[in-house]
Amino acid sequence: MQRFQKLLFLSLIWALSTRGPLSAQIPLKPEDTVVCYGNSLVERLLEHGELQAWIHLTDTNRPLHFRSFAWTGDEVGHRLRAEGYADHMKSLLALWPAQVVVVGYGMNESFAGSKGLPEFRSQWEVLLGQLERLHPGARIVVLSPTAVETGHPGPDAATRNADITAYSEVLRETAAARKALYVDLLVPSQKAYLAAKKP
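Note that this is a predicted model, so its numbers are computed, not measured.

Chemist: Help me understand unusual backbone geometry, please; the structure alone is not making it clear to me.
Modeler: The phi angle of most residues is negative, glycine excepted, and most peptide bonds adopt the trans form. At glutamate 31, a residue that is not glycine, the phi angle is positive and equals roughly 75 degrees. Relative to the helices and strands, glutamate 31 resides in the loop between α1 (2-16) and β1 (33-38). In this structure glutamate 31 comes out as partly exposed when scored by relative accessible area, which is 47%. Of note, the phi angle at lysine 179 is positive, near 60 degrees, even though the residue is not glycine. Locating lysine 179 in the fold gives a position in the loop between α6 (157-177) and β5 (181-183).

Structure representation (C-alpha coordinates):
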(Lines give C-alpha, C1' and ligand atoms only; values in the text may rest on other atoms or scores of the structure.)
Protein backbone atom coordinates (compact mmCIF):
# COMPACT_ATOMS: atom_id res chain seq x y z
CA MET A 1 0.00 0.00 0.00
CA GLN A 2 2.86 2.39 0.77
CA ARG A 3 4.32 1.76 -2.68
CA PHE A 4 0.93 2.50 -4.28
CA GLN A 5 0.42 5.67 -2.22
CA LYS A 6 3.85 6.96 -3.21
CA LEU A 7 3.16 6.22 -6.89
CA LEU A 8 -0.18 8.02 -6.69
CA PHE A 9 1.44 11.03 -5.05
CA LEU A 10 4.22 11.08 -7.65
CA SER A 11 1.70 10.89 -10.53
CA LEU A 12 -0.15 13.97 -9.30
CA ILE A 13 2.96 15.86 -8.26
CA TRP A 14 4.58 15.33 -11.65
CA ALA A 15 1.38 16.29 -13.47
CA LEU A 16 1.11 19.60 -11.60
CA SER A 17 4.81 20.44 -11.43
CA THR A 18 6.43 23.02 -13.70
CA ARG A 19 8.26 20.21 -15.51
CA GLY A 20 5.36 17.75 -15.65
CA PRO A 21 3.53 16.61 -18.78
CA LEU A 22 0.48 18.73 -17.97
CA SER A 23 2.38 21.88 -17.04
CA ALA A 24 1.79 23.49 -20.45
CA GLN A 25 -1.94 22.75 -20.17
CA ILE A 26 -2.19 23.89 -16.54
CA PRO A 27 -0.26 27.15 -16.50
CA LEU A 28 -0.21 27.65 -12.74
CA LYS A 29 1.03 31.02 -11.62
CA PRO A 30 2.15 32.20 -8.19
CA GLU A 31 -0.77 32.64 -5.77
CA ASP A 32 -3.16 30.60 -7.95
CA THR A 33 -5.84 28.59 -6.15
CA VAL A 34 -6.48 24.89 -6.80
CA VAL A 35 -9.95 23.79 -5.62
CA CYS A 36 -10.70 20.08 -5.26
CA TYR A 37 -13.94 18.11 -5.32
CA GLY A 38 -14.49 14.38 -4.96
CA ASN A 39 -14.80 11.41 -2.67
CA SER A 40 -12.48 9.93 -0.04
CA LEU A 41 -9.61 9.53 -2.55
CA VAL A 42 -9.34 13.29 -2.96
CA GLU A 43 -10.08 14.04 0.69
CA ARG A 44 -7.32 11.72 1.91
CA LEU A 45 -4.80 13.01 -0.60
CA LEU A 46 -5.21 16.48 0.87
CA GLU A 47 -5.96 15.92 4.54
CA HIS A 48 -2.37 15.90 5.84
CA GLY A 49 -0.91 18.45 3.44
CA GLU A 50 1.75 16.12 2.05
CA LEU A 51 0.62 16.34 -1.57
CA GLN A 52 0.44 20.13 -1.41
CA ALA A 53 3.91 20.29 0.14
CA TRP A 54 5.48 18.13 -2.55
CA ILE A 55 3.87 20.16 -5.33
CA HIS A 56 5.20 23.34 -3.73
CA LEU A 57 8.67 21.81 -3.52
CA THR A 58 8.75 21.28 -7.30
CA ASP A 59 8.89 25.07 -7.61
CA THR A 60 9.47 27.02 -4.41
CA ASN A 61 9.04 30.30 -6.31
CA ARG A 62 5.43 29.44 -7.14
CA PRO A 63 3.30 29.56 -3.96
CA LEU A 64 -0.13 28.05 -4.50
CA HIS A 65 -3.33 27.80 -2.48
CA PHE A 66 -5.17 24.49 -2.11
CA ARG A 67 -8.80 24.33 -1.01
CA SER A 68 -11.03 21.25 -0.78
CA PHE A 69 -14.74 20.52 -1.03
CA ALA A 70 -14.06 16.76 -1.19
CA TRP A 71 -16.16 14.64 1.15
CA THR A 72 -15.93 10.93 1.93
CA GLY A 73 -18.92 9.09 0.46
CA ASP A 74 -19.71 11.72 -2.15
CA GLU A 75 -21.00 10.63 -5.54
CA VAL A 76 -21.68 12.78 -8.60
CA GLY A 77 -25.42 12.72 -7.96
CA HIS A 78 -25.42 12.39 -4.18
CA ARG A 79 -23.57 14.92 -2.05
CA LEU A 80 -25.36 15.21 1.29
CA ARG A 81 -24.54 18.18 3.52
CA ALA A 82 -25.88 19.71 6.70
CA GLU A 83 -28.61 22.33 6.52
CA GLY A 84 -27.16 25.72 5.67
CA TYR A 85 -24.09 24.31 3.93
CA ALA A 86 -25.11 25.72 0.54
CA ASP A 87 -24.89 29.28 1.85
CA HIS A 88 -21.60 28.47 3.58
CA MET A 89 -20.22 27.06 0.33
CA LYS A 90 -21.20 30.21 -1.57
CA SER A 91 -19.21 32.32 0.87
CA LEU A 92 -16.20 30.01 0.49
CA LEU A 93 -16.40 30.13 -3.31
CA ALA A 94 -16.35 33.93 -3.12
CA LEU A 95 -13.19 33.74 -1.01
CA TRP A 96 -11.52 31.09 -3.19
CA PRO A 97 -11.74 32.00 -6.90
CA ALA A 98 -10.13 29.00 -8.56
CA GLN A 99 -7.75 28.85 -11.49
CA VAL A 100 -7.68 25.03 -11.45
CA VAL A 101 -10.44 22.65 -10.35
CA VAL A 102 -9.48 19.03 -9.62
CA VAL A 103 -12.35 16.52 -9.60
CA GLY A 104 -12.23 12.88 -8.50
CA TYR A 105 -15.31 10.63 -8.65
CA GLY A 106 -16.31 7.24 -10.03
CA MET A 107 -15.19 4.67 -7.45
CA ASN A 108 -18.36 4.70 -5.33
CA GLU A 109 -20.59 4.93 -8.38
CA SER A 110 -18.90 1.93 -10.04
CA PHE A 111 -20.49 -0.44 -7.50
CA ALA A 112 -23.70 -0.06 -9.55
CA GLY A 113 -21.99 -1.93 -12.38
CA SER A 114 -22.87 -1.57 -16.05
CA LYS A 115 -26.52 -0.82 -15.23
CA GLY A 116 -25.49 2.38 -13.48
CA LEU A 117 -23.42 3.78 -16.34
CA PRO A 118 -26.16 5.79 -18.11
CA GLU A 119 -27.20 7.52 -14.88
CA PHE A 120 -23.57 8.13 -13.96
CA ARG A 121 -22.85 9.72 -17.34
CA SER A 122 -25.91 11.95 -17.09
CA GLN A 123 -25.17 13.09 -13.53
CA TRP A 124 -21.49 13.59 -14.33
CA GLU A 125 -22.36 15.87 -17.25
CA VAL A 126 -24.61 17.91 -14.94
CA LEU A 127 -21.87 18.19 -12.32
CA LEU A 128 -19.26 19.32 -14.85
CA GLY A 129 -21.65 21.99 -16.06
CA GLN A 130 -22.18 23.17 -12.48
CA LEU A 131 -18.43 23.35 -11.87
CA GLU A 132 -17.90 25.34 -15.06
CA ARG A 133 -20.51 27.85 -13.88
CA LEU A 134 -19.13 28.01 -10.33
CA HIS A 135 -15.55 28.46 -11.54
CA PRO A 136 -15.69 30.39 -14.84
CA GLY A 137 -12.44 30.25 -16.75
CA ALA A 138 -10.86 27.63 -14.47
CA ARG A 139 -8.99 24.66 -15.94
CA ILE A 140 -10.72 21.42 -14.94
CA VAL A 141 -8.63 18.33 -14.16
CA VAL A 142 -10.48 14.99 -13.94
CA LEU A 143 -8.95 12.15 -11.91
CA SER A 144 -9.90 8.56 -12.63
CA PRO A 145 -10.59 6.17 -9.77
CA THR A 146 -7.80 3.84 -8.70
CA ALA A 147 -7.87 0.08 -9.23
CA VAL A 148 -8.92 -2.53 -6.67
CA GLU A 149 -6.19 -4.83 -5.39
CA THR A 150 -6.52 -8.61 -5.61
CA GLY A 151 -7.46 -10.12 -2.27
CA HIS A 152 -9.58 -7.24 -1.01
CA PRO A 153 -12.87 -8.07 0.78
CA GLY A 154 -15.99 -8.20 -1.39
CA PRO A 155 -16.42 -8.90 -5.11
CA ASP A 156 -13.39 -10.26 -6.93
CA ALA A 157 -10.86 -7.71 -8.15
CA ALA A 158 -11.30 -8.59 -11.84
CA THR A 159 -15.02 -7.82 -11.71
CA ARG A 160 -14.51 -4.62 -9.74
CA ASN A 161 -11.72 -3.40 -12.01
CA ALA A 162 -13.82 -4.08 -15.11
CA ASP A 163 -16.54 -1.83 -13.68
CA ILE A 164 -14.03 0.82 -12.61
CA THR A 165 -12.52 0.78 -16.11
CA ALA A 166 -15.96 1.37 -17.66
CA TYR A 167 -16.66 4.31 -15.35
CA SER A 168 -13.19 5.71 -15.97
CA GLU A 169 -13.86 5.61 -19.69
CA VAL A 170 -16.96 7.78 -19.16
CA LEU A 171 -14.79 10.26 -17.26
CA ARG A 172 -12.17 10.24 -20.01
CA GLU A 173 -14.69 10.71 -22.82
CA THR A 174 -16.55 13.55 -21.15
CA ALA A 175 -13.32 15.26 -20.13
CA ALA A 176 -12.15 15.18 -23.75
CA ALA A 177 -15.51 16.51 -24.99
CA ARG A 178 -15.34 19.45 -22.58
CA LYS A 179 -11.62 20.06 -23.12
CA ALA A 180 -10.86 19.17 -19.51
CA LEU A 181 -7.69 17.31 -18.61
CA TYR A 182 -7.89 13.64 -17.68
CA VAL A 183 -5.37 12.03 -15.33
CA ASP A 184 -5.35 8.23 -15.42
CA LEU A 185 -4.76 6.77 -11.94
CA LEU A 186 -6.28 3.40 -12.81
CA VAL A 187 -3.46 1.93 -14.89
CA PRO A 188 -0.61 3.17 -12.63
CA SER A 189 -2.37 1.74 -9.56
CA GLN A 190 -2.86 -1.62 -11.28
CA LYS A 191 0.84 -1.73 -12.14
CA ALA A 192 1.79 -0.79 -8.57
CA TYR A 193 -0.34 -3.60 -7.15
CA LEU A 194 1.23 -6.13 -9.52
CA ALA A 195 4.73 -4.99 -8.62
CA ALA A 196 4.11 -4.99 -4.85
CA LYS A 197 5.46 -7.97 -2.87
CA LYS A 198 2.73 -7.60 -0.26
CA PRO A 199 -0.64 -5.78 -0.02
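Chemist: I tried to follow the nonpolar core on my own but got confused; where do I start?
Modeler: Among soluble globular proteins, nonpolar side chains are generally buried collectively. Ranked by internal contacts, the top residues of the largest apolar core, which has 27 residues, are Tyr37, Phe69, Val101, Val103, Trp124 and Ile140. Secondary-structure elements contributing two or more residues to this core are β1, α4 (85-95), β3 (100-104), α5 (117-134), β4 (139-143) and α6. The element best represented in this core is α5, accounting for six residues. Leaving out residues up to four positions away in the same chain, valine 103 has contacts with Tyr37, Trp124, Leu131, Ile140, Val141, Val142 and Leu143. In terms of nonpolar packing, the next biggest core, distinct from the first, is built from 19 residues, Phe66, Ala70, Val100 and Val183 among them.

Chemist: Looking at this structure, how should I read the sheet that holds β1?
Modeler: Sheets are built from strands paired through backbone hydrogen bonds, the pairs being either parallel or antiparallel. The strand order across the open sheet formed by five strands is β2-β1-β3-β4-β5, and the pairing between neighbours is parallel. Lying at the two open borders of the sheet, with one neighbouring strand each, are β2 (65-68) and β5. Neighbour to neighbour, the strand axes of the sheet diverge by 20 degrees on average, direction disregarded. Bridge count between β4 and β5: three bridges; the pairing is parallel. The partner of valine 141 across the bridge, within β5, is leucine 181.

Chemist: In this structure, what is going on with the packing of aromatic side chains? I would like to understand it.
Modeler: Two aromatic rings are characterised by how far apart their centres lie and by the angle between their planes. Under the counting rule described, the total for this entry stands at four aromatic pairs. Between arginine 160 and the ring centre of phenylalanine 111, over which it is positioned, the NZ or CZ distance is 3.7 Å.

Chemist: Any chance you could explain the pairing of β1 here in plain terms?
Modeler: Successive residues of a regular strand alternate their side chains across the two faces of the sheet. Among the six residues that make up β1, six are buried, leaving the element largely enclosed by the rest of the structure. Residues Thr33, Val35 and Tyr37 line one face of β1 and the alternating positions Val34, Cys36 and Gly38 line the opposite face, and both faces are buried. When β1 meets β2, the two strands line up parallel, connected through four bridges. Bridge assignment links valine 35 to a residue of β2, and that residue is arginine 67. The pairing of β1 with β3 spans five bridges and is parallel. Bridge assignment links glycine 38 to a residue of β3, and that residue is glycine 104.

Conventions used here
- Here the residue index of a chain counts from 1 through its sequence in written order.
- In keeping with the model being predicted, local features are shown solely for residues with a pLDDT of at least 70 and side-chain atom pairs are shown and tallied solely at 80 or more, while totals for entire chains, interfaces and linings include all residues.
- Note that water and hydrogens are dropped before the side-chain values are worked out from all heavy atoms of the structure.
- Strands here mean DSSP runs of E at least two residues long; helices mean DSSP runs of H or I at least four residues long; both are numbered from the N terminus.
- Exposure is judged per residue with a 1.4 Å probe applied to protein chains only, and the accessible area is read against the type maximum: over 50% gives exposed, under 20% gives buried, and values in between give partly exposed.
- Here, nonpolar core means buried Ala, Val, Leu, Ile, Met, Phe, Trp, Tyr and Cys residues that are tied together by side-chain atoms lying within 4.5 Å of each other.
- The contact definition used throughout considers only heavy atoms, calling two residues in contact when any of these lie within 4.5 Å.
- Two strands form a pair only when DSSP identifies at least two bridges running between them.
- The axes used here are C-alpha line fits, helices contributing only the stretch in contact, and every angle between their N-to-C directions lies in the interval 0 to 180 degrees.
- Between 30 and 60 degrees the pair is tilted, below 30 it is stacked and above 60 it is edge-to-face, where a pair is any two Phe, Tyr or Trp rings, Trp via its six-membered ring, whose centres lie within 6.5 Å.
- Only Lys NZ and Arg CZ are tested; either one counts as a charge over a ring when it is within 6 Å of the ring centre and within 35 degrees of the ring normal.

Limitation: the analysis is restricted to geometry and does not speak to function.
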